[in-house]
Amino acid sequence: MKKNLQIRGIRESELRKLGNLMIDVYSKLEGFPAQSEQPRYYETLADIGRFTEKKDAKVLVAIAYEGELVGGVVYFGDMAEYGSGGSATNEKNVSGIRFLAVDERFRNMGVGKALTLFCIDLARNQKIISLSCTRPRLCKSHGIFMKNLVLRGLKIWISCKNNFQFLDLGFI
C-alpha cells in the first residue's frame, strides 16, 4: 500500500470526510471515552479542519492510489497550538502529532506508519528537537517511532512528562 499512497495537506472538500473518519476510529478505540462521555472531544474531531487555521499546524491526509482518503493526522510544528491543556503547550523546540486515524479497512497496510514518518520528516526539516505523542498506550505511532527513527539516522531519547511521550530527534 505504501507505494500507492500519497501524504499531503488536506483539501477543503475532504474536511468532513476526515472528521467522520476520525469520529469512527476514535469511537471504536478500546479504553477511549465514548462520544456521550466527551462530546466536546468528538466535536473537535468533526471539525478537524479548524486546525488548518493554527500557526504551524498541518492537517495531513493519506490518499490511496484510487483517490480515496484512508487516514489523517494533525501535525503541530509548535506545541503552543497543540490544544490539549496541561504543560505540553509550554514545551519549546517540540512538535506534536495528534489525532492519528486510519480507516479500519486499510489498517496494517502502512498508512499510519506513512503518516507518522511524514510528521517525523517535517519535524526534522524544521530542526525540531522532540516530537510528542499523547497517550502512548493508545498511540500506535509510538511503536512506529521506535521501529523507524534509528533507520532515519536519528537518536532516540524517550521521556514521559504528564502522559506525553517525547522523542528526541537529535541528529547522530
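The notes below deal with the structure included here. (Residues numbered from 1 in each chain as written. Predicted model: local features only at pLDDT ≥ 70, side-chain atom pairs only at ≥ 80, totals over all residues. Heavy atoms only, no water.)

### Comments concerning the pairing of strand 4 (residues 94-102)
Walk down a regular strand and you will see the side chains alternate between the two sheet faces.
And then number 1: Of all nine residues in strand 4, nine are buried; the element is thus mostly enclosed.
And then number 2: Judged from the five bridges that link them, strand 3 (residues 69-76) and strand 4 form a sheet pairing that is antiparallel. In the strand pairing of strand 4, Gly71 is matched with Val102. (Buried < 20%, exposed > 50% of the residue type's maximum accessible area, 1.4 Å probe, protein only. Helix = DSSP H or I, 4+ residues; strand = E, 2+ residues; numbered from the N terminus. Pairing = 2+ DSSP bridges.)

### A look at the environment of Ile48
And then number 1: Turning to its location among the elements, Ile48 is positioned in the loop between helix 2 (39-46) and strand 2 (57-64).
And then number 2: Along the sequence, Ile48 and Met22 sit 26 residues apart, while their C-alpha atoms lie 8.6 Å from each other.
And then number 3: Leaving out residues up to four positions away in the same chain, Ile48 has contacts with Leu15, Leu18, Gly19, Met22, Val59, Val74 and Phe99. (Contact = heavy atoms within 4.5 Å.)

### Things to note about helix 1 (residues 15-27)
Residues separated by three or four positions in an α-helix point in the same direction, a consequence of the helix having 3.6 residues per turn.
And then number 1: Here helix 1 spans 18 Å end to end across 13 residues, near enough to the 18 Å set by a 1.5 Å rise per residue.
And then number 2: Turning to helix 1, its buried residues number three or more, namely Leu18, Gly19, Leu21, Met22, Ile23, Val25 and Tyr26.
And then number 3: Elements in contact with the buried residues of helix 1: helix 2, strand 2, strand 3 and strand 4. (Expected span 1.5 Å × (residues − 1).)

### Remarks on the packing of helix 1 against helix 2
And then number 1: In the contact formed by helix 1 and helix 2, the axes pass within 7 Å of each other and the chain directions differ by 140 degrees. Touching Gly19, Met22, Ile23, Tyr26 and Ser27 of helix 1 are Tyr41, Tyr42, Leu45 and Ala46, all from helix 2.
And then number 2: Each residue belonging to the contact of helix 1 with helix 2 can be placed in one class, and the counts come to seven nonpolar, two polar and no charged. (Axes fitted to C-alpha atoms, helices over the stretch in contact; angles between N-to-C directions. Nonpolar A, V, L, I, M, F, W, Y, C, P; charged D, E, K, R; others polar.)

Read these as geometric descriptors, not functional statements.
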